[in-house]
Amino acid sequence: MFVMDNWRISAPLTRFGDSSPLEESMGLEPENGQGRQAAASAGPRPLLKGGAGHERLTPLVLRAQQGEADAINQVVGGGMFQPAHQPFPPASFAYDKSMEHAGSNVQKARELLKAAGYQRVKFELSYGNNTTMEQTMEMIQAMGAEAGFDISLRPMEFAALQAALAKGDFEVGQTGWSGRVDPGGNIDPYIRCKGSLNDGKYCDAQVDQWLADAQLTADEGQRKALYAKVLEKMREERPEIYLYYLPWIFGVQKAVHGFVPYPDGLIRLKGVTLSGS
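Residues numbered from 1 in each chain as written. Predicted model: local features only at pLDDT ≥ 70, side-chain atom pairs only at ≥ 80, totals over all residues. Heavy atoms only, no water.

Draft legend 1. Here's a closer look at the overall build of the protein chain. Secondary structure summary: the protein chain contains nine helices and 14 strands in total. The buried share among the 277 residues of the protein chain stands at 50%. In the structure as shown, the protein chain presents an accessible area of about 12900 Å², 52% of it carried by carbon and sulfur atoms. (Helix = DSSP H or I, 4+ residues; strand = E, 2+ residues; numbered from the N terminus. Buried < 20%, exposed > 50% of the residue type's maximum accessible area, 1.4 Å probe, protein only. Areas by Shrake-Rupley, 256 points an atom, 1.4 Å probe, with all protein chains shown as cover.)

See the structure below:
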């Protein structure tokens, strides 16, 4: 933990833990010092989702996009944006290590495009207009171009972006999620047929059933097995893909003891004391 005058910086510690054309095209180590822990939030951000009405191209585009995650981590995040491979953070019991993948493969991306009958694919990418997102989307645009994707960028003010996503006014859109302790909160709203954040209108009755069954049992082993089926289906159909987890960083006075940061970003004061009080 870095000490600055009478402050220290703290972030929650989590453990760190297949492919498509755009995924192939884009191809933290925890730092433990005195008072510092490097980690990731409980929810992935940003995530990219395909819009309704583009059912043929969406899986193709999103499968290829995922491989850029580690490059984004290194270039935009300076090694602090842990690549995300799924909706569940590495600290969750539902995290599936088999979903991890490394690097990009431009040649494979081109081959997947060709096999689908395309030489190049054009699409518009809508995203929130801030410095980090601007850098991230420009990287995606450049790396996608190498593999055959002509991506036009559509930066939007945050509220306007949320309104556009809700209306389905996008081809591929960016959003984010702060994360929840229970894994259901990280996937149900986005993937269920009538999910409140299912802006791309992805719908699969079997996936809905697996998600419902996972909420009906408290057995973590059974739940993980059900979520694994959902993740495998998502790997095949790519309704959305995940790029990275943001680190949560807290500033704590040196007089505060026992503070433990959590991946969901919520502050819990159980066991926290203040010296001299």
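Draft legend 2. Here's a closer look at the packing of aromatic side chains. For the structure shown, the criterion picks out five aromatic pairs. Judged by centre distance (5.5 Å) and plane angle (70 degrees), the rings of Phe250 and Phe259 are edge-to-face. Across the pair, exposure class does not vary: Phe250 and Phe259 are buried alike. Here the basic side chain of Arg268 rests over the ring of Tyr262, its NZ or CZ set 4.5 Å away from the ring centre. (Phe/Tyr/Trp six-rings, centres within 6.5 Å; stacked < 30°, edge-to-face > 60°. Lys NZ or Arg CZ within 6 Å of the ring centre and 35° of its normal.)

Draft legend 3. Expanded view of the confidence of the model for the protein chain. Of the residues in the protein chain, 74% have a pLDDT of 70 or more, and the chain-wide mean is 78. Averaged pLDDT values over the elements of the protein chain bottom out at 30 in strand 3 (residues 32-33) and peak at 98 in helix 8 (residues 205-214). Here residues 1-20 is a poorly scored stretch, pLDDT under 50, and it has 96 contacts once near neighbours within four places are set aside; other chains count. For residues 53-57, every residue scores under 50 in pLDDT, and the model assigns this stretch six contacts once sequence neighbours within four places are set aside. (pLDDT = per-residue confidence, 0-100. Contact = heavy atoms within 4.5 Å.)

Draft legend 4. Just the pairing of strand 8 (residues 149-156), in detail. For strand 7 (residues 121-128) and strand 8, the ladder comprises eight bridges, and the chain directions are parallel. Across the sheet, residue Tyr127 finds its bridge partner in strand 8, namely Pro155. In this view, the connection linking strand 7 to its parallel neighbour strand 8 by way of helix 5 (residues 131-147) has right-handed handedness. (Pairing = 2+ DSSP bridges. Right-handed = clockwise from strand over helix to strand, strands pointing away.)

Draft legend 5. Region of interest: the state of the cysteines. Summed over all chains, the structure comprises one disulfide. Covalent S-S linkage joins Cys193 and Cys203, the inter-sulfur distance amounting to 2.0 Å. Taking the sign of the S-S torsion, about 90 degrees here, the bridge from Cys193 to Cys203 comes out right-handed. Note that Cys193 is positioned in the loop between helix 7 (184-191) and helix 8 and Cys203 in the loop between helix 7 and helix 8, a separation of ten residues in sequence. Given the relative accessible area of 22%, Cys193 is considered partly exposed. (Disulfide = S-S within 2.5 Å.)

Draft legend 6. Representation of the nonpolar core in the model. In terms of nonpolar packing, the biggest core is built from 23 residues, with Ile72, Leu125, Ile140 and Phe149 touching the most fellow members. The set of elements that each furnish at least two residues to this core consists of helix 3 (69-75), helix 4 (106-115), strand 7, helix 5 and strand 8. A per-element tally of this core places helix 5 first, with six residues. (Core = buried A, V, L, I, M, F, W, Y, C linked by side-chain atoms within 4.5 Å.)

Draft legend 7. Representation of helix 5 in the model. Taking 1.5 Å per residue as the helical rise, helix 5 with its 17 residues ought to reach 24 Å, and the 25 Å between its terminal C-alpha atoms agrees with that figure. Measuring from the side-chain oxygen of the N-cap residue of helix 5 to the backbone nitrogen of Thr132 gives 3.2 Å; that N-cap residue is Asn130. Looking one or two residues past helix 5, Gly148 carries a phi angle of roughly 115 degrees, positive in sign. (Expected span 1.5 Å × (residues − 1). Polar contact = N/O pair within 3.5 Å; in protein donor to acceptor, adjacent residues only side chain to side chain.)

Draft legend 8. Summary view of the pairing of strand 9 (residues 172-175). Here strand 9 shows no split at all, with Val172 and Gln174 on one side and Gly173 and Thr175 on the other all buried. Both strand 7 and strand 9 contribute to a ladder of two bridges, which runs parallel. Across the sheet, residue Ser126 finds its bridge partner in strand 9, namely Gly173.

Draft legend 9. How the structure looks around unusual backbone geometry. Of note, the phi angle at Lys201 is positive, near 60 degrees, even though the residue is not glycine. Looking at the secondary structure, you find Lys201 in the loop between helix 7 and helix 8. Of note in this structure, Arg238 is not a glycine but carries a positive phi near 50 degrees. Judged by relative accessible area, Arg238 falls into the buried class, the value being 5%.

Draft legend 10. View of the pattern of salt bridges. Scanning the model with the defined rule gives nine salt bridges in all. Here Glu124 ties to Arg154 by a salt bridge, and the two come within 3.9 Å at their closest N and O atoms. Of the two residues, Glu124 is situated in strand 7 and Arg154 in strand 8; the sequence distance between them amounts to 30 residues. Judged by relative accessible area, Arg154 falls into the buried class, the value being 18%. Residue Arg192 pairs with Asp188 through a salt bridge whose shortest N-O separation is 3.4 Å. (Salt bridge = Lys/Arg side-chain N within 4 Å of Asp/Glu carboxyl O.)

Draft legend 11. Molecular detail of the packing of helix 8 against helix 9 (residues 220-237). Packing of helix 8 against helix 9 brings their axes to within 9 Å, and their N-to-C directions diverge by 160 degrees. Between helix 8 and helix 9, the crossing angle belongs to the class labelled roughly antiparallel. As helix 8 packs across helix 9, the resulting crossing turns out to be left-handed. Listed contacts from helix 9 to Val207, Trp210, Leu211, Asp213 and Ala214 of helix 8 are Arg223, Leu226, Tyr227, Lys229, Val230 and Lys233. Looking at the contact of helix 8 with helix 9 residue by residue, the classes come out as seven nonpolar, no polar and four charged. (Axes fitted to C-alpha atoms, helices over the stretch in contact; angles between N-to-C directions. Parallel < 35°, antiparallel > 145°, perpendicular 65-115°, else oblique. Left-handed = near helix turned anticlockwise from the far one by under 90°. Nonpolar A, V, L, I, M, F, W, Y, C, P; charged D, E, K, R; others polar.)

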